Every structure is written in structure tokens, then in C-alpha cells.
Amino acid sequence: HEKLELIRMALDKNEFILYYQPKVNMKTGAIIGAEALIRWQSPGRGLVGPNDFLPAIENNVLSIELGEWVISSALKQIKLWNNLGLDIPVSVNISAIQLQSKDFATRLAHLLAEFPEVSPRSLELEVLETSEIGDLLQVSETMHTCIELGVTFALDDFGTGYSSLSHLRRLPANLIKIDQSFIRDMLIDPNDLVIVESVVALSRSFKRDVIAEGVETIAHGTALLELGCELAQGYAIARPMMATDIPDWSTNWH
Ligand code: G
Ligand code: G
Ligand code: NA
């Protein structure tokens, strides 16, 4: 309860901030987007990561409010970058709970309407499998409604969730994000390499794009390219950074 109150106050005082981590095509060198990652700039505790405050609000309406703040801030950021002549799609994380909340698509439509100059194509929603998706049919319908608004979806942390394969089959996400736990050891653990290979093949069969997360070394990048996985995100490319650092980074990184 105390923590809920703290987070409520932080939201009211505008203490949350989005960092952005670039996602690139390793083959072409293009920056294909940036993932928005929330942090709390706490006057007392410094920069606090999402794992230290999101779990506390997971089942509270506050998570819905904060989720809307994230989408709205991301749209504002896309607009700012557009004004600088940069077209950088932004992906935001949404929990399965958020996606299953009442009127999600309607509220998304309202947020998009507040930024008429921003193309909904520039917004991607990464669905986190942190909780079980109860009704796949209902979620799939919600996603289709959002897709009609112009946004796209990614399946986040793919392979670690409760039912990744049914999600791949039943949910209209056009991007699969291979979980970083499989990438981390793929060069030393043959089992992880087989999983990465299989997810790449699976994505191709289902005609979805695939991106590797947690790419920490050049060797990982090279191996992924050999497997046919061109899209990547990770410390080897860039750490999450402040929005103001993205324009310079995107023109100078390669
Ligand atoms: O940025 P960092 O490594 O600390 O993120 C840790 C976890 O928090 C990641 O799994 C990420 O998906 C999640 N996360 C980051 N930002 C958001 C957000 O805005 N909303 C939600 N629901 N999860 C987020
Ligand atoms: O679960 P999700 O995919 O949203 O996770 C994103 C989180 O992973 C962020 O907190 C980000 O800071 C972290 N992250 C991004 N790139 C790397 C990486 O190369 N290595 C590690 N260990 N963490 C990463
Ligand atoms: Na994510």
C-alpha cells in the first residue's frame, strides 16, 4: 500500500521517464526502431528500474494509468523525433493484463487521436508474457482492433512464457522477440543454439519477423546473421539511453 502511494505520487509529480534502446538491422545497418523502457527518477533513490516498481502495481488500476502514460509519452517522443526529420518507430511494453483490460483498444484509439500528426504505424506494442493470457480469442480480437488502428504487435520474451507456441499460432503479432536468456548462452550451450535456430525457422514459417534481444557481443551478432536473424537489440549495439541521445546515435552508430 505504501509503495502504491509512492508510485501514485511519482506519476502525479511526473517522475517517470522513458529510456530508449535502438533496434537495428545488422545486415543493412538501418535503425529499425527503439524500445521504450520506463525508469523512475526518484529524488531519494536515484534512477529506479521497472523491476523495482512494476510488480507492486501489476494488479492495480495504477498499472493501467502508468501504461497509458507510457504510450502517450512514446507518441510525444515520436512526434519530437519526426520534427527533427527522424522516423524512428517506437515499441512500448504492455503486459498481458493491460491488453486484457477493459476497453484497451478504445483507450488506445483515444491516445492516438491526441497525436494526429503521428502515424500509428510508428507505434509497436510488445506483449509481455509475464502472466497467463486467459482468453486467447478475446485477446486476438483486441489485437485485431488495434491493428485496424494502424499499430503493430510483437511477442516479447518469446520462448519463456506459458504458451509461446499457441501465442505464435493464434495472436496477430508480426514480430517475434527471441528472449535474451537464449541469446546469452547460444555460443556456449548447444541447446540454446538449437532453440534460437528453431525460433528463427518457426518465425520464417509463420511469416513473422524475428529479432534477437540481449545481443551483447559482436560474436553473437555474427552468429545470428549466419542463422538468418538480421534484426537485433542489445548492449553490443547500444544500451538504453535518454531520448535526447537518440538523434546523434542514429546518425553516427555505424
Ligand atoms: O529496462 P529494464 O531492463 O530494466 O526492464 C526490465 C523489464 O521491465 C523488462 O522485461 C521490460 O520489458 C519491462 N519494462 C520496461 N519498461 C516497461 C513498461 O513501460 N511497461 C511494462 N509493462 N514493462 C516494462
Ligand atoms: O523483457 P524485455 O525484452 O523488455 O527486456 C528489456 C530489458 O533488457 C531492458 O531492461 C534492458 O535494459 C535489458 N537489456 C537490453 N539489452 C541487453 C543486453 O544486451 N544484455 C542484458 N543483460 N540486458 C539487456
Ligand atoms: Na520488451
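Check the entry above for the structure.
From a predicted model like this one, the values you see are computed outputs, not experimental measurements.

(A) Focus on the overall build of the chain. When its secondary structure is counted, the chain shows 11 helices and 10 strands. Principal axes of the C-alpha set define a box for the chain whose edges measure 50 × 45 × 35 Å. Per-residue burial over the chain gives 37% buried out of 254 residues. Here the analysis covers contacts within the chain between residues at least 6 apart in sequence; of these, 65% occur between residues at least 24 apart.

(B) Just the site of ligand 1, in detail. Taken together, 13 residues form the shell around ligand 1, and within it Leu37, Ile38, Gly49, Pro50 and Asn93 come nearest. Breaking the shell around ligand 1 down by element, the ones donating at least two residues are β2 (31-42) and β4 (90-95). Its residues placed into classes, the shell around ligand 1 shows nine nonpolar, four polar and no charged.

(C) Molecular detail of the pairing of β4. With respect to burial, β4 is a largely interior element, six of its six residues being buried. Of the strand pairs in this sheet, β2 and β4 are connected by two bridges, and their pairing is parallel. By the bridge assignment for β4, glutamate 35 is matched with serine 91.

(D) Seen up close, the environment of alanine 30. With respect to the helices and strands, the residue alanine 30 is situated in the loop between β1 (16-25) and β2. For the pair alanine 30 and arginine 184, spaced 154 residues apart in the sequence, the C-alpha separation amounts to 23 Å. In this structure alanine 30 touches Val24 and Asn25, once residues within four positions along its chain are discounted.

(E) Structural context of helix α6 (residues 136-149). Its 14 residues give α6 an end-to-end C-alpha distance of 20 Å, which sits within 8% of 20 Å, the value for a rise of 1.5 Å per residue. Burial in α6 covers these residues: Val139, Thr142, Met143 and Cys146. Along the long axis of α6, the arc covered by the buried residues comes to 100°, so they all point the same way. Of the exposed residues in α6, those oriented more than 90 degrees away from the buried face are Leu137 and Glu148. Tucked inside the fold, the buried residues of α6 contact α4 (96-99), α5 (104-113), β5 (123-128) and β6 (152-158). A positive phi of about 115° marks glycine 150, the residue just after α6.

(F) Representation of helix α9 (residues 190-205). When the terminal C-alpha atoms of α9 are compared, their 22 Å separation across 16 residues agrees well with the 22 Å that a helix rising 1.5 Å per residue should span. When we look at burial in α9, the residues that qualify are Ile195, Val196, Val199 and Ser203. Along the axis of α9, the buried residues cluster in a sector spanning 95°; they form a single face. Seen from the open side of α9, the exposed residues pointing more than 90 degrees away from its buried face are Pro190, Asn191, Val194 and Ser205. Lysine 207 sits one or two residues past α9 and shows a positive phi near 55°.

(G) Layout of the packing of helix α3 (residues 61-83) against α5. Relative orientation of the contacting elements α3 and α5 amounts to 30°, with a least axis distance of 10 Å. When the interaxial angle is binned, α3 and α5 end up roughly parallel. In this structure, the crossing between α3 and α5 has a hand that is right-handed. Here α3 contributes Glu68, Ile71, Ser72 and Leu75 to the contact with α5, which in turn contributes Arg107, Leu108 and Leu111. For the contact of α3 with α5, a count of residues per class yields four nonpolar, one polar and two charged.

Conventions adopted
- Residues numbered from 1 in each chain as written.
- Chains lettered and ligands numbered in written order.
- Predicted model: local features only at pLDDT ≥ 70, side-chain atom pairs only at ≥ 80, totals over all residues.
- Helix = DSSP H or I, 4+ residues; strand = E, 2+ residues; numbered from the N terminus.
- Buried ≥ 20, exposed ≤ 12 C-beta atoms within 10 Å, placed from the backbone.
- Contact = placed C-beta atoms within 7 Å.
- Near = placed C-beta within 6 Å.
- Nonpolar A, V, L, I, M, F, W, Y, C, P; charged D, E, K, R; others polar.
- Pairing = 2+ DSSP bridges.
- Expected span 1.5 Å × (residues − 1).
- Arc of directions from axis to C-beta.
- Axes fitted to C-alpha atoms, helices over the stretch in contact; angles between N-to-C directions.
- Parallel < 35°, antiparallel > 145°, perpendicular 65-115°, else oblique.
- Left-handed = near helix turned anticlockwise from the far one by under 90°.

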